[in-house]
Amino acid sequence: MTKIIDAKIAHFGNPVNDAFPIVKALRDRQIEADLFVYRPSHVCSLPQWELCDLDVNDMGNPYNPNWEVLNKDFIQPPWMHVLSFSQGLFSKPQRFWQVIRAMRAYDLIIAHTPFPIYAQFSNRSYISFDAGAIRYFDANNLRKKLFERGYSKSKVIIVTNPDTMDLFDRYGFKYQFVPFLIDTARYRYEKSEKDLPYEYVFFMPSRQYWKEKGNNIFIVSFYQFHKEYKDSVLAITEWGTDLHRTKELVKKLDVEKSIIWLPLMSKPRLIKWYNLSTAIADQFVLGSYGTTAPEAMACEKPVIMYLSEEHNRKAFGELPPVLNVKNQADILNYLLLCTDSNFTRRVGELSRKWVEKTHGSEVVINKHLAIYMKIIEK
């Protein structure tokens, strides 16, 4: 496709790598788009974590990872820029002007968290990108007020989580729903070289945060399933503020021997675990998914989770083909159905088609470009 936008565009911020695949896809369209990440930053928000086979135990502090290790097998593209934020006494004003100077080199800014705070002072047109940050607007502090003002000054806000649309309506912000971009060339089914020695493998990669994820709900259902299907295992990623509570629950239910504890994994390792699994357990409270569900669906894996029918029909026009549950009884029912390989195969195939249709690069980038063009052409 020929170049269709005569403007310099930059995405600032990359929370859990929600910007990197967008900028890469824009570049593939010959569109002049850059990506700005910053350090120190959590390892999950860096492109290296998306592309490279990395061990979190080699990173040091995951909130300020070792960049020598990160860059060992990573070739930084020329369109990716790293803002190094100082941590001294005057770091905040220095950081502010560092970001503003960088923003003023562009015609259009897409400000991911936390950059709407800065973009409102850039004297440039900007779009805010919200992947759930508005859920935390109930805090009463200066950061929240700056965030709210940043959103209100945006030309529009790109929203990726259907459950948050009620909050955007309540605040009166101008927004447009656009799905996450999933690179279906990377997230796809691959036969595992070596299977695990279990008949049924369920995988819960989401962080342990019961209030939002409802991890405990699934664990209790797995315990009930495991009573009948002893040759089953639940793999849990060992991270999150409620990790200790999860471990206490596992011990209380006496299923410790049927739990595999996994470290936080870079995406190439995560893809392998998607493909090793019978089904994926995502989240059971919010009613929306982040990137875990569509990534797993792209790998042709059934995803068990709770989706709000009202919000997802409003966003997508139809319901994603997840195994939608409202309680432990629903979860147990789907766990039992997942013992049928024909069932999991059919759901997996439908899931892959859904992701290609809804989250595929061409579809999502066309939505982004339509939004960008409206702003640039004014």
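I will try to describe carefully the structure that is included in this document. Throughout this description, residue numbers start from 1 for each chain and increase along the sequence as written. Only residues with pLDDT of at least 70 are given local features in this predicted model, and only at 80 or more are side-chain atom pairs given and counted; all residues enter the totals for whole chains, interfaces and linings. To obtain the side-chain values, all non-hydrogen atoms of the structure were used and water was disregarded.

### Remarks on the overall build of the protein chain
Stated precisely, the cut-off is as follows: For the purposes of this entry, the term helix denotes a DSSP run of H or I that reaches at least four residues, the term strand denotes a run of E that reaches at least two, and both are numbered from the N terminus. Each residue is placed in one exposure class: buried if its accessible area under a 1.4 Å probe, protein chains only, is under 20% of its type's maximum, exposed if it is over 50%, and partly exposed if it falls in between. Contacts were defined at the residue level, with two residues in contact if any of their heavy atoms lie within 4.5 Å. Residue burial considers only the protein chains on display, and all accessible areas are found by Shrake-Rupley using a 1.4 Å probe.
If you tally the helices and strands in the protein chain, you get 16 helices and 13 strands. Per-residue burial for the protein chain yields a buried fraction of 55% across its 378 residues. Excluding contacts between residues fewer than 6 apart, the proportion of contacts in the protein chain whose partners are at least 24 apart in sequence is 66%. If you sum the accessible surface of the protein chain, you get close to 17,500 Å²; carbon and sulfur atoms cover 48% of it.

### Some points on the layout of surface pockets
Put simply, the rule is: A cavity here means a set of 1 Å grid points, computed over protein atoms only, where a 1.4 Å probe fits but cannot escape. A pocket is an open set with protein on both sides within 12 Å along at least 5 of 7 lines, and lining residues have an atom within 4 Å of a point. Grid points are joined across faces, edges and corners, and a volume is the space filled by probe spheres set on the points. When residue character is reported, Ala, Val, Leu, Ile, Met, Phe, Trp, Tyr, Cys and Pro are called nonpolar, Asp, Glu, Lys and Arg charged, and the others, Gly included, polar.
Estimates place the volume of the second largest pocket at around 590 Å³. Mapped onto the lining of the second largest pocket, the elements with two or more residues apiece are β8 (200–204), α11 (267–276) and α15 (341–358). Looking at the lining of the second largest pocket, the element that brings in the most residues is α15, giving five residues. Of the residues that constitute the lining of the second largest pocket, the class distribution is eight nonpolar, eight polar and seven charged.

### Considerations on the side chain of Ser41
Among the structural elements, Ser41 can be located in the loop between β2 (33–39) and α2 (47–51). Looking at Ser41, the relative accessible area reads 8%, which means it is buried. Every residue in contact with Ser41, bar those within four places of it in the chain, is listed here: Leu46, Pro62, Tyr63, Asn64 and Pro65.

### Things to note about the nonpolar core
Generally speaking, a soluble globular protein has its nonpolar side chains buried in company with each other. Just so we agree on the cut-off: Throughout, nonpolar core names a set of buried Ala, Val, Leu, Ile, Met, Phe, Trp, Tyr and Cys residues whose side chains join them through atoms within 4.5 Å.
Counting 58 residues, the largest nonpolar core has Phe12, Phe115, Phe203 and Trp273 as its most contacted members. Ranked by residue count, the leading element in this core is α11, at five residues. Counting residues in each nonpolar core, the second largest holds 41 residues, with Ile5, Leu26, Val56 and Ile158 among its members.

### Here we look at the sheet that holds strand β5 (residues 125–130)
Put simply, the rule is: By the convention used here, strands pair only if DSSP detects at least 2 bridges between them. Lines fitted to C-alpha atoms define the axes, with helix axes restricted to the stretch in contact, and inter-axis angles between N-to-C directions lie between 0 and 180 degrees.
A sheet is described by the order of its strands in space; here seven strands give the open sequence β3-β2-β1-β4-β5-β6-β7, paired in parallel fashion. Strands with a single pairing partner mark the edges of an open sheet, and in this sheet they are β3 (80–84) and β7 (175–177). Looking at each pair of strands side by side, their axes are set apart by 25° on average, direction ignored. Direction of pairing for strand β1 (residues 9–12) relative to strand β4 (residues 108–112): parallel, over a ladder of four bridges. Bridge pairing in β4 links Ala10 to Ile109. Sheet contacts for helix α1 (residues 20–28): β1, β2 and β5; angle to β2, the most-contacted strand, approximately 155°.

### Describing a positive patch on the surface
Test applied: Patches were defined on residues exceeding 30% relative accessible area and lacking a salt bridge, with like-charge contacts within 9 Å and nonpolar side-chain contacts (Val, Leu, Ile, Met, Phe, Trp, Tyr) within 5 Å. In the sections that follow, a salt bridge refers to a side-chain nitrogen of Lys or Arg positioned within 4 Å of a carboxyl oxygen of Asp or Glu. Neither His nor the chain ends contribute to the count of charged residues, in which Lys and Arg are positive and Asp and Glu negative. Charge positions come from single atoms, namely NZ of Lys, CZ of Arg, CG of Asp or CD of Glu.
Together, Lys155, Lys174, Lys374 and Lys378 give the surface a local cluster of positive charge. With respect to the helices and strands, the residue Lys155 is situated in the loop between α6 (142–153) and β6 (157–159).

### Observations concerning the packing of α1 against helix α16 (residues 361–376)
What counts here: Oblique is the label for every angle not falling under 35 degrees (roughly parallel), over 145 degrees (roughly antiparallel), or within 65 to 115 degrees (roughly perpendicular).
For the pair α1 and α16, interaxial distance at closest approach is 10 Å and the crossing angle is 85°. As the angle between them shows, α1 and α16 are arranged roughly perpendicular. Between α1, through Ile22, Ala25 and Leu26, and α16, the contact on the second element is made entirely by Ser361, Ile365, His368, Leu369 and Tyr372. Broken down by class, the residue content of the contact of α1 with α16 amounts to six nonpolar, two polar and no charged.

### Remarks on the sheet that holds strand β9 (residues 232–237)
Taken together, the six strands give an open sheet; going across it, the order is β10-β9-β8-β11-β12-β13, and neighbouring strands pair in parallel fashion. Edge positions in the sheet fall to β10 (259–262) and β13 (323–324), since each of these pairs with one other strand and no more. Sheet topology note: the β9/β10 ladder contains four bridges and is parallel. When the sheet's bridge partners are listed, Leu234 is paired in β10 with Ile259. Contacts from helix α10 (residues 243–253) reach β9 and β10, with the element oriented near 160° to β10. Across the sheet, helix α14 (residues 328–337) is in contact with β8, β12 (303–305) and β13; its angle to β12 comes to roughly 170°.

### Thoughts on the pattern of salt bridges
Considering all chains together, one arrives at 17 salt bridges under this definition. Notably, a salt bridge pairs Glu295 with Lys267, separated by 2.8 Å at the nearest N-O pair. Of this pair, Glu295 sits in helix α12 (residues 292–298) while Lys267 sits in helix α11, placing them 28 residues apart in sequence. In this structure Glu295 comes out as buried when scored by relative accessible area, which is 3%. Given the relative accessible area of 11%, Lys267 is considered buried. Salt-bridge contacts for Glu318 lead to Lys357; the nearest nitrogen and oxygen are separated by 2.6 Å. Of the two residues, Glu318 sits in the loop between α13 (309–316) and β13 while Lys357 sits in helix α15, which places them 39 residues apart along the sequence. On the basis of relative accessibility, which here comes to 48%, the residue Lys357 falls in the partly exposed class. The network of salt bridges with shared partners includes Glu50, Arg186, Lys267 and Glu295.

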